[in-house]
Amino acid sequence: MKTRPFEIPKETVWSAWLYVRANQGSAGVDAVSIEAYEKDLSNNLYKLWARMSSGSYVPPPVLLVEIPKKGGGKRPLGIPTVSDRIAQKVVKQALEPAIDKVFYEESYGYRPGKSASDAVKACRARCWKYNWVVDLDIKGFFDNIPHDLLMKAVEKHTDCKWHLLYIKRWLEAPLERRDGTQTERPKGTPQGAVISPLLANLFLHYCMDSWLKRNYPQCPFERYADDAVIHCKTEAEAHELKETLSKRLEECGLQMHPEKTKIVYCKDDYRKDDYPNTKFDFLGYGFQTRGAKNRKGKLFTGFLPAISDKASNAIKDKIRECKTLNSGNSELPDIARELNPKLRGWINYYGKFYKSKLDHILTTATFRLARWAQKKYKKLHKKFKRALEWVWVIQKSQPRLLAHWT
């Protein structure tokens with residue numbers, strides 16, 4: 001029987017496939033979709049296992065897709081092939097359990113048992129205890145991670161030859177545009193790659209998290225991938241931390257964004273000082289001064305998170321783009337099928353803190369339904385008020401039709 005230099009269990013490849021299939025995603029440079037890959041699944045998985053076990057697996061180029069940003073510009077997204085996503089998951093499954101143990105509690109991004117909501121909750125609690133925040137933005141983080149420093153970090157946690165071999169090859173795999181032109185990657189790990197979140201977390205663990213723990217143990221933080229908030233007791237401490245952290249990032253090949261990184265004063269009823277910045281966004285939530293009630297029903301002003309304006313506008317845009325709402329030929333059940341998964345997702349995430357603001361945003365769906373009714377029914381044409389009254393009747397008779405009505 002032919003021996004192979006690397007022992008990779010076939011079961012590991014199979015479980016990696018199940019993960020990739022569940023997450024779906026687009027085809028890579030080979031234009032092979034999940035569905036197409038599955039048609040010859042047994043043969044495809046065997047060939048991948050054989051190549052990885054022999055050391056002959058060479059990742060294909062990563063398809064570069066540029067996603068427009070809301071604030072202008074484009075975000076580069078790298079899409080590996082289906083087969084390459086499976087291979088990356090194989091290595092990630094082998095490495096993650098051991099590496100995750102070294103991460104600090106303050107690291108929330110892409111980790112088992114942790115979520116963005118957990119990070120927002122922790123940030124809210126600390127904003128009540130600490131007057132100042134350094135709202136950190138790292139310029140082009142995923143595109144600028146130095147490969148040599150990243151590999152040193154990986155080597156601290158594994159000496160397995162096939163782990164190191166394939167991670168190095170993935171880092172060096174070129175980007176390929178849809179027109180076939182390729183770009184070499186001397187640094188960075190593409191957003192969209194299965195292995196990238198683990199590698200990014202590992203790099204920032206040594207580059208920033210451990211450094212903060214050593215040099216500013218009195219300043220707690222929350223980090224979700226490269227999105228981070230650091231809490232300080234005084235303005236002077238915040239300015240000092242911002243300056244020294246900027247130098248630290250430069251030593252690690254990264255750059256603190258000079259305009260987007262800012263110092264924020266967490267103003268509330270007990271913090272009366274004036275300061276130019278009194279709000280910041282973190283993971284889709286806007287932290288700022290807001291009115292609220294305590295447990296006894298007494299009104300107070302606190303520094304609280306609610307869905308951010310940017311996230312609110314994105315939700316409104318998604319509702320406006322709803323195909324069934326824009327078609328006079330669709331029916332109410334069609335609209336519910338298209339909208340409800342989105343509505344439930346927004347409610348589950350943005351409804352955890354200061355839900356009243358989200359409720360106001362989601363009324364957009366109700367108003368858009370009235371616009372749809374105007375297209376659908378001639379008697380409501382050019383009569384928006386009557387169309388809205390018609391929607392309210394539907395809401396009363398079918399309160400479970402749309403998720404935000406329940």
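Residues numbered from 1 in each chain as written. Predicted model: local features only at pLDDT ≥ 70, side-chain atom pairs only at ≥ 80, totals over all residues. Heavy atoms only, no water.

> Sorry, what's going on with the pattern of salt bridges here?
Side-chain pairs of opposite charge can arise where the charged atoms are in close proximity. Scanning the model with the defined rule gives 18 salt bridges in all. Residue Asp334 pairs with Arg337 through a salt bridge whose shortest N-O separation is 2.5 Å. Linking Asp334 with Arg337, this pair stays in helix H12 (residues 332-350), spanning 3 residues, or about one helical turn. Two residues, Lys355 and Asp359, come together in a salt bridge whose shortest N-O distance is 2.7 Å. Highlighted residues: Lys355 and Asp359, both in helix H13 (residues 355-376), separated by 4 residues, approximately one helical turn. For Lys355, a relative accessible area of 38% translates into the label partly exposed. In this structure Asp359 comes out as partly exposed when scored by relative accessible area, which is 36%. (Salt bridge = Lys/Arg side-chain N within 4 Å of Asp/Glu carboxyl O. Helix = DSSP H or I, 4+ residues; strand = E, 2+ residues; numbered from the N terminus. Buried < 20%, exposed > 50% of the residue type's maximum accessible area, 1.4 Å probe, protein only.)

> Explain helix H8 (residues 161-172) here, please?
Three- or four-residue spacings in an α-helix give side chains the same orientation, since the helix completes a turn every 3.6 residues. Over its 12 residues, H8 extends 17 Å from the first C-alpha to the last, a length consistent with the 16 Å expected when each residue adds 1.5 Å. Among all positions in H8, only Trp162, His163, Leu164, Tyr166, Ile167, Trp170 and Leu171 are buried. (Expected span 1.5 Å × (residues − 1).)

> Can you walk me through the sheet that holds strand E6 (residues 221-224) in this structure?
Sheets are built from strands paired through backbone hydrogen bonds, the pairs being either parallel or antiparallel. Spatial strand order, E6-E7-E3-E8: 4 strands in an open sheet with antiparallel pairing. The sheet is open, and its two edges are formed by E6 and strand E8 (262-265), each paired on a single side. With direction set aside, neighbouring strand axes in the sheet form an average angle of 20°. Relative to E6, helix H5 (residues 116-129) is tilted by about 160°, and along the sheet it contacts strand E3 (132-137), E6 and strand E7 (227-232). Sheet contacts for helix H9 (residues 196-215): E3, E6 and E7; angle to E6, the most-contacted strand, approximately 175°. (Pairing = 2+ DSSP bridges. Axes fitted to C-alpha atoms, helices over the stretch in contact; angles between N-to-C directions. Contact = heavy atoms within 4.5 Å.)

> How should the sheet that holds strand E2 (residues 74-79) be read in this particular structure?
The mixed open sheet is built from 4 strands, whose spatial order is E2-E1-E4-E5. Two strands lie at the open edges of the sheet, namely E2 and strand E5 (182-183), each paired on one side alone. Here strand E1 (residues 62-68) runs beside E2; their pairing, made up of 6 bridges, is antiparallel. By the bridge assignment, Val65 is partnered in E2 with Leu77.

> How do you make sense of the packing of H9 against helix H10 (residues 235-251) when you look at a structure like this?
Axes are the key here: two packed helices are described by the angle between their axes and the distance separating the axes. Closest axis-to-axis distance for the H9/H10 pair is 10 Å, and the angle between their directions is 140°. By the angle between their directions, the pair H9 and H10 is classed as oblique. Seen along the crossing, H9 lies across H10 with a hand that is right-handed. On H10, the residues touching Tyr206, Cys207, Met208, Trp211, Leu212 and Arg214 of H9 are Leu241, Thr244, Leu245, Arg248 and Leu249. (Parallel < 35°, antiparallel > 145°, perpendicular 65-115°, else oblique. Left-handed = near helix turned anticlockwise from the far one by under 90°.)

> Sorry if this is basic, but what is going on with the packing of aromatic side chains here?
Both the distance between ring centres and the angle between the ring planes are used here to describe each pair of aromatic rings. The tally for this structure, following the rule as stated, stands at 19 aromatic pairs. Where Tyr46 meets Trp49, the ring centres are 5.6 Å apart and the plane angle is 45°; that geometry is what we call tilted. Taken together, the residues span about one helical turn, with Tyr46 and Trp49 both in helix H3 (residues 41-54) at a distance of 3 residues. Residue Tyr46 is classed as partly exposed on the basis of its relative accessible area, which comes to 41%. Taking relative accessible area as the criterion, Trp49 reaches 14% and is therefore assigned buried. Note on Trp132 and Tyr275: the rings are 4.8 Å apart at their centroids and 90° apart in plane angle, and the pair reads as edge-to-face. One end of the pair, Trp132, is in strand E3; the other, Tyr275, is in the loop between E8 and strand E9 (280-282), and 143 residues separate them in sequence. Through pairs of rings, three or more aromatic residues link up here, namely Tyr285, Tyr349, Tyr350 and Phe353. Just above the ring of Tyr108 sits the side chain of Lys114; from NZ or CZ to the centre is 4.4 Å. The ring of Tyr354 has Arg290 sitting right over it, with the charged end atom 5.6 Å from the ring centre. (Phe/Tyr/Trp six-rings, centres within 6.5 Å; stacked < 30°, edge-to-face > 60°. Lys NZ or Arg CZ within 6 Å of the ring centre and 35° of its normal.)

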